[in-house]
Amino acid sequence: MTIRLYDLGKIPWDQSQLIYHALAGMGREALCLVSPATPYVCLGLHQDLEQEVDLTYCEVNRIPIFRRDLGGGAVYLDGDQLFFQLILRRDNPLVPEKREAFYRKFLQPPISVYRHIGIPARYRPINDVVVGTRKISGTGASEIGDCVVFVGNLIIGFDYETMCRVLKVPDEKFRDKVKKTLRENLSTIRRELGEAKAERWNQAALSRLLAEAFQKLLGRMKRDHIDSAVRAKMDELGQRMLSKEWLYGRRSKHPLERRIKIRAGTDVVYRVHKAQGGLIRADFEVREGKFSNVHISGDFFCFPKEGIEWLESVLEGQPVDRLPRIIERFFEEKEIEVPGIRIADWITVLETGYSP
């Protein structure tokens, strides 16, 4: 079966999502190259909307929200990002069975495009494209119907400020931490090449390069347009996926945790734990499996300030999987006791569930 190529340019924001959902539902193998005409927020399948997104900010600024049928986190998407959406049948022999082999194979086209325009991008397991240590493409894959859907982007520019504003965060200090970490770990074509050189690579030029790169990997594709059958399927899906029932349909089991993935290996975490002796709050980063920029606060009154500062400094740079031993040793050596707060409470508020 010939894979179809939909080079759609800028289209309405909701259609930029509905198109690949529709093609997958129809079992139609295709590559879509698309960019939203206006900004929106895209929510992961399993996320709780009210916990993840600042709904007031989005409403005031007229930023719509879409829940995709793929996992991952909430992201702010706009016309400065060119998306590739690859839809292949699960039984297609071109689809590797192992997850890492899949990403390694299908991330080669965007990597080759980045290198062609002068950005030394490389693959980083399991699903990142990076330049130096910074991520320069957001990607994800899932199964919809009988198909595997792989989506990603070339990032021409990125609105770090709005991305951090659309996210619901516990306080402005945490938002600043997210913004700082995001800038340190996410790059763009403009950032890497400079404004003047980046002007050469508009959406049309990048779409042409992406189409050529994917065809080298998958064979020649048949150019197509959104026909009546695809349009009807998009309209059908839109009735469900643009409804409040679909958008609000998930509720988190972890209301006292906020975790934002910046790139593979870098998360920003906020946790709250109610101990008998008071509420403990912790916000920190996990970088390559190690604690960074740890900040602890709470409603307890018997813990000396220097004790908190000692604990924060002790955790800095330590592997997260050593947390229990670090906490136990810290309280043994400092001989600090806080009424109603046990060692297990400190471990609970600082545990990450991290896996590399």
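As a reminder, the structure under discussion sits directly above these lines.
This text gives an overview of the structure that appears in the document. Just so you know, the residues in each chain are numbered from 1, in the order the chain's sequence is written. With the structure being a predicted model, the display of local features is reserved for residues of pLDDT at least 70 and the display and counting of side-chain atom pairs for 80 or more, all residues being used for whole-chain, interface and lining totals. Side-chain numbers here rest on the full set of heavy atoms in the structure, without hydrogens or water.

Re the side chain of Lys 135
Runs of E in the DSSP output that reach at least two residues are strands. Runs of H or I that reach at least four are helices, and both are numbered from the N terminus. Position of Lys 135 among the secondary structure elements: in strand 9 (residues 134-137). Of the residues examined, Lys 135 reaches a relative accessible area of 14% and is grouped as buried. Apart from the residues lying within four places of it in its own chain, the contact partners of Lys 135 are Asp 128, Val 129, Val 130, Asn 185, Leu 186, Ser 187, Ile 262 and Arg 263. Note on classification: 1.4 Å probe, protein chains only; a residue is buried when its accessible area is under 20% of the maximum for its type, exposed when over 50%, partly exposed between these limits. Any two residues whose heavy atoms approach within 4.5 Å at even a single point are treated as in contact.

Structural notes on the packing of aromatic side chains
Here a pair means two rings of Phe, Tyr or Trp (six-membered ring of Trp) with centres within 6.5 Å. Their orientation is stacked below 30 degrees between planes, edge-to-face above 60, and tilted elsewhere. Throughout the structure, instances matching the rule amount to 13 aromatic pairs. Consider the rings of Phe 84 and Phe 150, whose centres lie 5.7 Å apart with planes at 55°: the pair is tilted. Within this pair, whereas Phe 84 is found in strand 6 (residues 81-89), its partner Phe 150 is found in strand 11 (residues 147-155), the two being separated by 66 residues in sequence. Judged by its relative accessible area of 0%, Phe 84 is buried. On the numbers, 5.6 Å between centres and 50° between planes, the contact of Phe 84 with Phe 214 is tilted. Taken as a pair, Phe 84 in strand 6 and Phe 214 in helix 10 (residues 203-218) lie far apart in primary sequence, 130 residues in all. Within the aromatic cluster, the residues linked to one another by ring pairs are Phe 84, Phe 102, Tyr 103, Phe 106, Phe 150 and Phe 214.

Considering unusual backbone geometry
The omega torsion across Pro 125 and Ile 126 is 10°, close enough to zero to call that bond cis. Structurally, Ile 126 can be placed in the loop between strand 7 (122-124) and strand 8 (128-131). With a phi close to 50°, Asn 293 is a non-glycine residue in the positive phi region. Here Asn 293 is to be found in strand 16 (residues 290-298).

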